[in-house]
Amino acid sequence: MSQPYSPIDPAFKDALEELIAQKAYVRIQYFSDIREFLTRNALLKELHKAPDGEYLHLATGEEIRLDRIVRIGDRPAPGYDEDYFKCDVP
């Protein structure tokens, strides 16, 4: 069962829109519908709204729900910080 959509920080959405305007090819890390942690390198195409949330459309044809993005490029999404990406190995 899908989680309800949680609106994202407007500043992060603005950053996504800026990357789309630049036709940026970036690394995107996100969680899939079944909570797989995935990484893609792709050209960002557009943002669009659907009944179940807002999505980032990639040139590959994939769509990523905005509240599932963990990091785009070197910028962590709201709710994630650099500590989230540190390795647990001492």
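Let me begin by describing the structure that accompanies this report. All of these numbers come straight from a predicted model, not from anything done at the bench.

The rules behind each value
- Residues numbered from 1 in each chain as written.
- Predicted model: local features only at pLDDT ≥ 70, side-chain atom pairs only at ≥ 80, totals over all residues.
- Heavy atoms only, no water.
- Helix = DSSP H or I, 4+ residues; strand = E, 2+ residues; numbered from the N terminus.
- Buried < 20%, exposed > 50% of the residue type's maximum accessible area, 1.4 Å probe, protein only.
- Contact = heavy atoms within 4.5 Å.
- Areas by Shrake-Rupley, 256 points an atom, 1.4 Å probe, with all protein chains shown as cover.
- Core = buried A, V, L, I, M, F, W, Y, C linked by side-chain atoms within 4.5 Å.

## Some thoughts on the overall build of the chain
No. 1: The helix and strand tally for the chain stands at one helix and six strands.
No. 2: For the chain, the succession of helices and strands along the chain, N to C, is α-β-β-β-β-β-β.
No. 3: Counting all 90 residues of the chain, 34% fall into the buried class.
No. 4: Summarising the internal contacts of the chain: among those between residues at least 6 apart in sequence, 47% fall at separations of at least 24.
No. 5: Accessible surface, the chain: about 6,000 Å² in total, of which carbon and sulfur atoms supply 51%.

## Points about the nonpolar core
Among soluble globular proteins, nonpolar side chains are generally buried collectively.
No. 1: Core analysis: the largest hydrophobic core is formed by 18 residues, its most contacted members being Ile28, Leu44, Leu56, Ile69 and Ile72.
No. 2: Elements with a contribution of two residues or more to this core: helix H1 (10-21), strand S1 (25-31), strand S2 (37-50), strand S3 (53-58) and strand S5 (69-72).
No. 3: With near-sequence residues (within four places) excluded, Leu56 lies in contact with Ile20, Ile28, Leu44, Glu46, Leu47, Glu62, Glu63, Ile64, Leu66, Ile69 and Ile72.

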